[in-house]
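Secondary and tertiary structure notes
In case you want the letters, here they are:
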Amino acid sequence: MKRALPLVAMLALATACSSGTAATAPQSGAPAAQSGAAAGFQEQHKGGTLKLLAKSGDGTLDPHINYSNGNWQVFQAMYDGLLAFKKVGGEASYELTPDLAEAMPQVAPDGKSYTFTLRKGVKFSNGDEVTVDDVKASFERIYKASGPTSGTFFAGIVGAAACVKKPEGCTLDKGVVVDKAKNTVTINLEAPDSEFPLKLALPHSVILPKATPGKDQGTKPIPGTGPYAAASYDPNKELKLVRNSHFTEWSREAQPQGYPDEIVYSYGLTVEAAVTAIQNGQADWSFDPLPADRLTEIGSKYASQAHVNPLSAFWYMPLNTRIAPFDKPEARQALQWAIDRAAVVKMYGGANLAAPACTLLPAGIPGHADFCDYPKQDLEKAKQLVQQSGTAGQEVAVVVADEDVSKQIGEYVRSVLEQIGYKAKLKVISTNIHFTYVQNSKNQVQLSVTQWYADYPAASDFLHVLLSCASFREGSDASINMAAFCDKDMDAKMAEAMKLDQTDKNAANTKWGEIDRELMRKSPIVPLFQPKQVDFVSSRVGNYGFHKQFFMLLDQLWVK
Amino acid sequence: MIGYIGKRLGAAVFVLFAISVLVFLIFFATPGVDPAARIAGKNADPATLAQVRASFGLDDPLPVQYGMMMKHLFITHDLTSFVNRGTLVMPQIIDAIPVTLSLVVGAAVIWMVLGIVMGTLAGWLKGTIVDPLVMLVGVFGVSLPVYWLGEVVNLLTQKQLHDSVFSWVPPLGYVPFSQSPGQWALHLLFPWLTLALLYAGIYARLLRGELINALNEDYVRTARAKGLSERRILIKHALRCSLIPIVSLFGLDFGALVGGAALLTEVVFGLPGVGKLTYQALQNLDLPVIMGTVLYAAFFVVLANAVVDVLYARLDPRVRHAA
Amino acid sequence: MTAELAVDGVRTTPAAAGAGPWRQAGARLLRNRSAMIAASGLALIVLACVLAPLYASAVAGTDPFVSNVSGTTVVGGQQVQVLQQSTEGLGLGVTPIGPTWDPGHFFLGADGQGRDVMARLLYGGRNSLLIGGAAALLCCFLATILGIIAGYFGGWVDSVLSRFFDVIWAFPVYLLAICLSVVLLTSGLHLGPVHIDAGSLWLPVLIIAVIYVPYVARPLRGQVMALRGKEFLHAAVGLGASDLRIMRREVLPNVLPTVIVFLPLMTALNMLTESALSFLSVGVQSPDASWGTIINDGLALLYTRPMITISAGLFVALTAVALNVFGDGVRDALDPNARLRGAA
């Protein structure tokens, strides 16, 4: 006992240190999210170099190809589409606004064609003016470069089907019709798609110079229209953004002027080192999730530098509905009852960092309904259901990625499975393989832990993408319906809701809520929690704004 | 001699070939590594996936893919990454070499000096308190996981004591020697010490053992009988022979480290060397970069071994007529 | 087989005639105080690990393999959560309870799952010692054989074996580990009649033993090459002894001290490698533990609960120290260069 004393003292000291300034810290960073964009550009804060950190680069810099949260965030300061989500903090960031288009499009009564008038005088960073030809070429390029969403989000454009099959020489003469004289672009769809305007605000459909080659440009920056242009990019070292000298603000809501003169994104430091660097004022922000053992300190001693915002995302467990034991609905429901979601939330960093999820649709996504059919852990009921399903005693492997939170959740789930009567094992695999591995039906994964982030605010981006028959592909690494769930009845209901969305948004949302509830009963997925994003910035940073789709608005930060 | 070099060269090529084939086969035997699916990402259309696969050449038979990869690596020098398309593999490795060399050479100097001093002291003063004391320090060095040690060192120098004792420690990262020799050394100081601590312990222990052996050898007894001073015996006779296994081990360690085996040290201290490159490639399962770094590492291992074998003969006359 | 028996038969004679150098060594070892202290320390650690279930059930009263995320315990008369949600400022983060220094519960605190760290350390020691020791034995056994063969025969035998060492040494172990962990996930490893499951302890033993073979074998090979010039070997050759006999009777005793020095070192090194492999999910799988996995788990909590990783690291270090000191004692006791060679 004696020998232990100095250690206890040391720990006490450490706690005392970290709680030093807690009393003076503001209660939440969230209110800051509202400030900023509403006021005009504040000249006195212009200038300086914003220093960002990440463990590693996030793949290609080609906005038509890259499909990662990290680079989508960066692209906001570099590229524009015909439409944009408002670049403001808070709720309004889910609203669309015309960007390179002068106004919101005119939609034909049948909902199958959208006509845009192109804004005049906008220039790419190479000095060329944006023309309707660039718009047409950019849409064709989505297919030529085999963009990841070319066969899904943009499959509905007239002529797209042929382009998806044969990308070389793709032309959309009927799908994207331009009128040089009137400076208009008309996009024709095979069938009405109420989500089409949302898709036009994503980086995959930004407008690039027509001369851009029709293949992945990788690390070679492509000229864009935003306030910043990439000067250099090496995914192992750094991405350097400098001001686009040809940029002049045309719409503050769509693409505001940025504050820092330079944005340098350095890759390579571990997140632990990154947090230390931010605390020491050597860097301004880090992309990667903050380490669990630093959260408490950041939330107290550095509370004024931390910003917490809910994400349109959820962590969930897909249950493979085609192999034992979860081919039995009772077995799946048993798991809904067995998991204590509050316990899982603890592993993510506690109740202020995540909210237990009762539904498939996260709060904030249209169609989310506030019901909770499995409100509380009930192990007895779960055991009973396992007995009913006749699957008790079977072996179940929980497959998780080798990243800290996933491993912890996996271990908890394994422990719970044992308690309700299964022989459970935890299997941990490399994070980079995990996502494709668990999708492939050949790998016979019974149960895994994964996450889904909204591509755009729509119920279908969760329910239809994750659980429709179409998103299950036998033996493919790209089969996002990991539960292998296919219910013709549910498919029909989802189609109905999507159709309804074109005419009556409210009715559609109610419908989605019902579908959500029915899917929860069928339980192909066990939702765990809706996470929150913690942005930890250096003490010199001001004007923090959180965009619900693209996260923190990098170029709006003040470093002066 | 030319024949010998030729033989070693042939052997080196064989080793590199064997390793590259093994890496290639293991990669493709692993489910979930398909870079097309990882790039095309969430919910891609099967047709799109097929096109991306084709653009990587992944639909060719394996021997063709292997051949193409070797051609890009050795003949056209334009092998590009699977994950970060457009990033050439060769320049990445070449950029990383000076960093790794800086780290490894500095650490090697420290650990060799420390290891030899500690080992000699312990072997020489065997039976006194110095011996177990020195060895205890050495054993602790060996027993600490290097990434753990690195994290703790960072915790102290960058964080807990950064405001007081270690306020002079620069942020993590690397500064090229050409840019500022002072900063270069300052940035590398703790990585050097961390890496050296591990190896110094191993070398000290091994040297001590060898030295005690040597001091019992006939030739040492003869020297003693001749009335040579103990110091002279130690340095001229015993130490010289005892260093032989050390040199062999040093060759292995140094070759491996220059090849990127200081992976965890580089990662923990944020040094963009070959080890870190390898680590990132492994994390991303980026086959072209893995292949490049692995072959580079293998080259150094083979080279170091060859050099050691030659040195062996020079250091120990007994090997010469035996070999 | 017959050859080996014959050699064994021959071997007994001089050993007995030499008044038992092994027995003498044993006596010397017993007189070596530091070696005996180390041995008792080692025995203590092993005993503690063997008695882990007793500690867990009778003393700490927990099951260290069941998640205890919502559990509570009593500290200083107050009931507290085992995983505590921060309440300061923004209230971010959850921290497991720290050391209570009360062997009755959470002596060293809890881990991220709310399990008793002390109990897990004791259980973990079993796996670590088993893997570290078994891999070191296997590795040194293989390395000794291969090193002696390569050094003794030289020529093309040496070339082939040396290239084999090069391939192993230069091969990216972590790639192998990552890929193996995925490949084995569904079906395990089948080597003829032997079936190794992804979570089996034999997998890390095998991998670790093989990857360190060159590390031990190459110095041994060098030593053997040096021996080839020595008179006593020439004498043995002159007497018409078979290669096998010379290797066993003359060469082996000469390299054995080096092997013995390596053995405890390799055990320590293996325990560390095991932790890296566990991290990449080859080997000890949760909920089971090893000191390596506990070090890793603790690293995630380094900042708030450093005791977890420090205590596991200390266990590894102490075991390694004890092994090394004991190994030195054995080596000194054998003093093989002076005694055993005399028999030749």
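Fair warning: this is a prediction, and the values are worked out from it, not measured in the lab.

Describing the overall build of chain B
Broken down by element type, chain B carries 14 helices and zero strands. Element order for chain B, N to C, with α for helix and β for strand: α-α-α-α-α-α-α-α-α-α-α-α-α-α. Taken along the three principal axes of its C-alpha coordinates, chain B extends 85 × 60 × 35 Å. Within chain B, the fraction of its 323 residues that count as buried is 52%. The long-range fraction of contacts in chain B, counting pairs at least 24 apart against all pairs at least 6 apart in sequence, stands at 70%.

Remarks on unusual backbone geometry
Note the cis peptide between A324(A) and P325(A), where omega equals -5°. Of note, P325(A) is situated in the loop between β13 (313–318) and α8 (329–338). Although it is not a glycine, H77(B) adopts a positive phi angle of roughly 55°. Positionally, H77(B) belongs in the loop between α4 (62–75) and α5 (89–124).

Overview of the sheet that holds strand β15 (residues 395–401) of chain A
Residue and element names in this part refer to chain A. Within the open sheet, the three strands sit side by side as β16-β15-β17. Their pairing is parallel. The open sheet is flanked by β16 (423–429) and β17 (447–448), the only strands paired with a single partner. Direction of pairing for β15 relative to β17: parallel, over a ladder of two bridges. Bridging from a neighbouring strand, V399 pairs with S448 of β17.

A closer look at the interface of chain A and chain C
Listed by partner, the interface residues are 46 residues for chain A and 36 residues for chain C. Elements that contribute at least two residues to the side of chain A that touches chain C include exactly α1 (5–18), α7 (292–300), β12 (306–310), α9 (341–348), α11 (404–419), β16 and α12 (431–439) of chain A. Per-element tally for the side of chain A that touches chain C: the top contributor is α7(A), with eight residues. Its residues assigned to classes, the side of chain A that touches chain C shows 24 nonpolar, 13 polar and nine charged.

Quick notes on the confidence of the model for chain A
For chain A, the average pLDDT comes to 90, and 93% of its residues sit at 70 or higher. pLDDT under 50 marks residues 1–38 of chain A. Its contacts with residues more than four places away, or in other chains, come to 54 contacts.

With respect to the sheet that holds strand β11 (residues 285–286) of chain A
Residue and element names in this part refer to chain A. Taken in spatial order, the five strands of this open sheet run β8-β9-β10-β1-β11, and their pairing is mixed. Edge strands, defined here as strands with exactly one partner in the open sheet, are β8 (228–233) and β11. The sheet contact formed by strand β1 (residues 49–54) and strand β10 (residues 262–267) spans six bridges and is parallel. Bridge pairing in β10 links L50 to I263.

Structural notes on the interface of chain C and chain B
In this assembly, 47 residues from chain C lie in contact with 51 residues from chain B. Of all the secondary-structure elements, those providing two or more residues to the side of chain C that touches chain B are α6 (155–170), α7 (173–187), α9 (213–227), α11 (243–279), α12 (291–299) and α13 (306–334) of chain C. The class makeup of the residues in the side of chain C that touches chain B is 30 nonpolar, 12 polar and five charged.

Concerning the pairing of β12(A)
Residue and element names in this part refer to chain A. Counting buried positions over the five residues of β12 gives four, a clear majority of the element. In terms of strand pairing, β12 meets strand β19 (residues 525–536) through five bridges, oriented antiparallel. Residue N309 lies in a different strand from β19, and its bridge partner there is Q533.

Here's the deal with the environment of A283(A)
All names here are of chain A. If you trace the backbone, A283 turns up in the loop between α6 (271–279) and β11. Separated by 230 residues in sequence, A283 and L53 have C-alpha atoms that sit 7.2 Å apart. Sequence-distant contacts of A283, defined by excluding residues within four places in its chain, comprise K51, L53, A274, A277, I278 and S538.

Section: the confidence of the model for chain B
Per-residue confidence for chain B gives a mean pLDDT of 84; residues scoring 70 or more make up 96%. For this predicted complex, the interface score ipTM comes out at 0.82, alongside a pTM of 0.87.

What to know about the packing of helix α5 (residues 117–153) of chain C against α12(C)
All names here are of chain C. Packing of α5 against α12 leaves a shortest axis separation of 7 Å and a crossing angle of 130°. In this view, α5 runs oblique relative to α12, as classed from their interaxial angle. Side by side, α5 and α12 meet where R120, L121, G124, G125 and S128 of the first sit next to W291, G292, T293 and I294 of the second. Class assignment for the residues of the contact of α5 with α12 results in three nonpolar, five polar and one charged.

Quick notes on α12(C)
An α-helical turn contains 3.6 residues, so a residue and the one three or four places further along point in the same direction. Counted residue by residue, α12(C) has nine buried out of nine residues, so it is predominantly covered. Those residues of α12(C) lying buried are W291(C), G292(C), T293(C), I294(C), I295(C), N296(C), D297(C), G298(C) and L299(C).

Here we look at the nonpolar core
Core analysis: the biggest nonpolar cluster contains 368 residues, and L463(A), I19(B), A298(B), C139(C), A170(C), V216(C) and M266(C) have the highest contact counts within it. Excluding residues within four positions of it along the chain, M266(C) makes contact with A136(C), C139(C), C140(C), Y212(C) and V216(C). Counting eight residues, the second largest nonpolar core, distinct from the first, contains A478(A), A37(B), L49(B) and V52(B).

Criteria and cut-off values
Residues numbered from 1 in each chain as written. Chains lettered and ligands numbered in written order. Predicted model: local features only at pLDDT ≥ 70, side-chain atom pairs only at ≥ 80, totals over all residues. Helix = DSSP H or I, 4+ residues; strand = E, 2+ residues; numbered from the N terminus. Buried ≥ 20, exposed ≤ 12 C-beta atoms within 10 Å, placed from the backbone. Contact = placed C-beta atoms within 7 Å. Pairing = 2+ DSSP bridges. Nonpolar A, V, L, I, M, F, W, Y, C, P; charged D, E, K, R; others polar. pLDDT = per-residue confidence, 0-100. Axes fitted to C-alpha atoms, helices over the stretch in contact; angles between N-to-C directions. Parallel < 35°, antiparallel > 145°, perpendicular 65-115°, else oblique. Core = buried A, V, L, I, M, F, W, Y, C linked by C-beta atoms within 7 Å.

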